[in-house]
Amino acid sequence: MSKEIMVSGIQPTGTFTLGNYIGAVRGWARLQDEYDCAYFIADLHSLTVRMDPAQLRAQSLEAYALLLSCGLDPEKTLLFVQSHVPTHAEMGWIMSCYTQFGELSRMTQFKDKSAAHADNINAGLFTYPSLMAGDILLYQAHYVPVGEDQRQHLEITRDIAQRINSVCGDVLRVPEAYIPKTGGRVMSLQDPSKKMSKSDENTNAWITIIEDPKVIVNKFKRAVTDSEKEVVFREGKDGINNLMVIYSSVTGKTMEEIEREFEGKGYGDFKVAVGEAVAEELAPVREKYNDLMKNRDYLNEVMKKGDEAAYKISVRTLSKLKKKLGLLV
Ligand code: TRP
């Protein structure tokens, strides 16, 4: 029996944070044996906000290398760049013809982004969910691992698929959200009520996955906690809870084990231990990334193979759909 299919994309917004790693990318790598996975750099989505072209180009290559560095294996998993696979843009157009204006108007991300970029509310920003629906439906995905912020986009994807299926028979699989078994939400090291994000001006609030080990330990030493002394997971101790979640997810220890380990010790010891554990977990990622970035030919070759394989698979769904919709084939 063939495996179930998992599809997800990530925008090339720069080096991944520890939050992207623990909450998403590391989990993707763990799913590779259980599912047939397709992961891509969602660069067409990034065009919906103005970005410096040189920066977009550099960050796309960087993001691709980062996926490989985090353990995604091109022999097992489809890894490609969205703009290199023309079926995505084509499918996106078809999807937009089956998406209602009213539906798109209700998307909270559209409302937020158009408020943030009031001088550039372009049509692509509005139809972004249609493009995303195409990305998913092209591969007949069973599951899509998405964070909370993309839930609404997955819902609209399901609605679009059902709408098209009701017009032309079952051509598209209706995907479901995949809720990871492990991971968790990593919060800012400086304000644990906020999600860790690289857009935070305070650079002590986040760490990237290729950061220098010494910097990592230092940022953890400066992490904001509370005025108590005990390392225990309890409501109201957001800073300590966050550090415990991070420590647990890199060491595999349970909360009880961590509490026992640091019984009678202070926050200082705990913060250093978390920093060192994170630095150790990320050391191979950083090493692999540095190697890959020195070997552009290899990167380009892997990318080309992924792009071609993605085209071959996705064009099947696209051709079938075009025929069903009455396009002359
Ligand atoms: N919109 C997603 C984000 O910004 C990226 C994305 C594009 C995606 N296409 C996708 C995620 C398809 C999952 C499936 O995070």
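Scroll up for the structure.
Residues numbered from 1 in each chain as written. Predicted model: local features only at pLDDT ≥ 70, side-chain atom pairs only at ≥ 80, totals over all residues. Heavy atoms only, no water.

Caption draft 1: Looking closely at the overall build of the protein chain. Helix and strand content of the protein chain: 13 helices and five strands. Overall, the C-alpha framework of the protein chain stretches about 75 × 45 × 45 Å when taken along its three principal axes. Split into buried and exposed, the 329 residues of the protein chain put 50% on the buried side. Roughly 16,200 Å² of accessible area belongs to the protein chain as shown, and the carbon and sulfur atoms make up 51% of that amount. (Helix = DSSP H or I, 4+ residues; strand = E, 2+ residues; numbered from the N terminus. Buried < 20%, exposed > 50% of the residue type's maximum accessible area, 1.4 Å probe, protein only. Areas by Shrake-Rupley, 256 points an atom, 1.4 Å probe, with all protein chains shown as cover.)

Caption draft 2: Structural context of the layout of surface pockets. Estimates place the volume of the second largest pocket at around 320 Å³. Lining the second largest pocket are 15 residues, with Ile5, Asp36, Leu78, Tyr139 and Ile313 positioned closest to its centre. Of all the secondary structure elements, the ones that give two or more residues to the lining of the second largest pocket are strand S2 (36-41) and helix H13 (296-324). Counting residues per element, the lining of the second largest pocket draws most heavily on H13, which supplies four residues. Tallied by class, the residues present in the lining of the second largest pocket amount to eight nonpolar, three polar and four charged. (1 Å grid on protein atoms, 1.4 Å probe; cavity = no way out; pocket = protein on both sides within 12 Å on 5 of 7 lines; lining within 4 Å. Points joined across faces, edges and corners; volume = space filled by probe spheres on them. Nonpolar A, V, L, I, M, F, W, Y, C, P; charged D, E, K, R; others polar.)

Caption draft 3: Just the environment of Tyr35, in detail. Mapped onto the fold, Tyr35 is located in the loop between helix H1 (18-30) and S2. Judged by its relative accessible area of 8%, Tyr35 is buried. Residues Tyr35 and Val49, spaced 14 residues apart in sequence, show a C-alpha to C-alpha distance of 33 Å.

Caption draft 4: Geometry of the side chain of Asp43. Tracing the chain through its elements places Asp43 in helix H2 (residues 43-46). No salt bridge is formed by the buried Asp43, whose closest oppositely charged neighbour, Arg57, lies at an N-O distance of 9.6 Å. There is a polar contact of 2.5 Å between the side chain of Asp43 and the side chain of Ser83. What Asp43 contacts, discounting residues up to four positions off in sequence, is Pro12, Ser60, Val81, Gln82 and Ser83. (Lys, Arg positive; Asp, Glu negative; His and termini not counted. Salt bridge = Lys/Arg side-chain N within 4 Å of Asp/Glu carboxyl O. Polar contact = N/O pair within 3.5 Å; in protein donor to acceptor, adjacent residues only side chain to side chain. Contact = heavy atoms within 4.5 Å.)

Caption draft 5: Focus on the site of the ligand. Around the ligand there are 13 residues in total, and Gln11, Tyr128, Met132, Asp135 and Gln150 lie nearest to it. Residue Gln11 places a side-chain N or O atom 3.1 Å away from an oxygen atom belonging to the ligand. Between the ligand and Gln150 there is a distance of 3.1 Å, counted from a nitrogen atom to a side-chain nitrogen or oxygen. Considered on its own, the ligand offers 370 Å² of accessible surface; in the complex 90% of this is hidden by protein. Every element with two or more residues in the shell around the ligand is listed here: strand S1 (5-10) and helix H7 (123-137). Among the elements that take part in the shell around the ligand, H7 stands out by supplying four residues, more than any other. Classifying every residue of the shell around the ligand by side-chain character gives seven nonpolar, five polar and one charged. (Near = heavy atom within 4 Å.)

Caption draft 6: Quick peek at the packing of aromatic side chains. Counting across every chain of the model gives 11 aromatic pairs. A ring pair is formed by Tyr35 and Tyr143, whose centres lie 5.9 Å apart and whose planes are at 80 degrees; its orientation type is edge-to-face. Taken as a pair, Tyr35 in the loop between H1 and S2 and Tyr143 in strand S4 (residues 143-145) lie far apart in primary sequence, 108 residues in all. The interplanar angle of 75 degrees and the centroid separation of 6.0 Å between the aromatic rings of Tyr35 and Tyr178 together place this pair among those described as edge-to-face. Of the two residues, Tyr35 sits in the loop between H1 and S2 while Tyr178 sits in strand S5 (residues 176-178), which places them 143 residues apart along the sequence. When sorted by exposure, Tyr35 lands in the same class as Tyr178, which is buried. Chaining the aromatic ring pairs together yields one cluster made of Tyr35, Tyr143 and Tyr178. The ring centre of Trp206 lies 4.6 Å from the NZ or CZ of Lys219, which sits over that ring. (Phe/Tyr/Trp six-rings, centres within 6.5 Å; stacked < 30°, edge-to-face > 60°. Lys NZ or Arg CZ within 6 Å of the ring centre and 35° of its normal.)

Caption draft 7: Fine view of the nonpolar core. Membership of the largest hydrophobic core comes to 63 residues, with the highest contact counts inside it found for Leu18, Phe220, Phe270 and Val278. Residue contributions to this core peak at 12 residues, all from helix H12 (residues 267-294). Of the domains in this structure, domain 1 (5-183 + 296-324) and domain 2 (203-290) are the two that each give at least three residues to this core. Sequence-distant contacts of Phe220, that is, excluding residues within four places in its chain, are made with Leu18, Leu189, Ile207, Leu243, Ile246, Lys271, Val274, Gly275 and Val278. Within the second largest apolar cluster, 36 residues are counted, among which are Phe40, Leu137, Leu154 and Val171. (Core = buried A, V, L, I, M, F, W, Y, C linked by side-chain atoms within 4.5 Å. Domains from an automatic or database assignment.)

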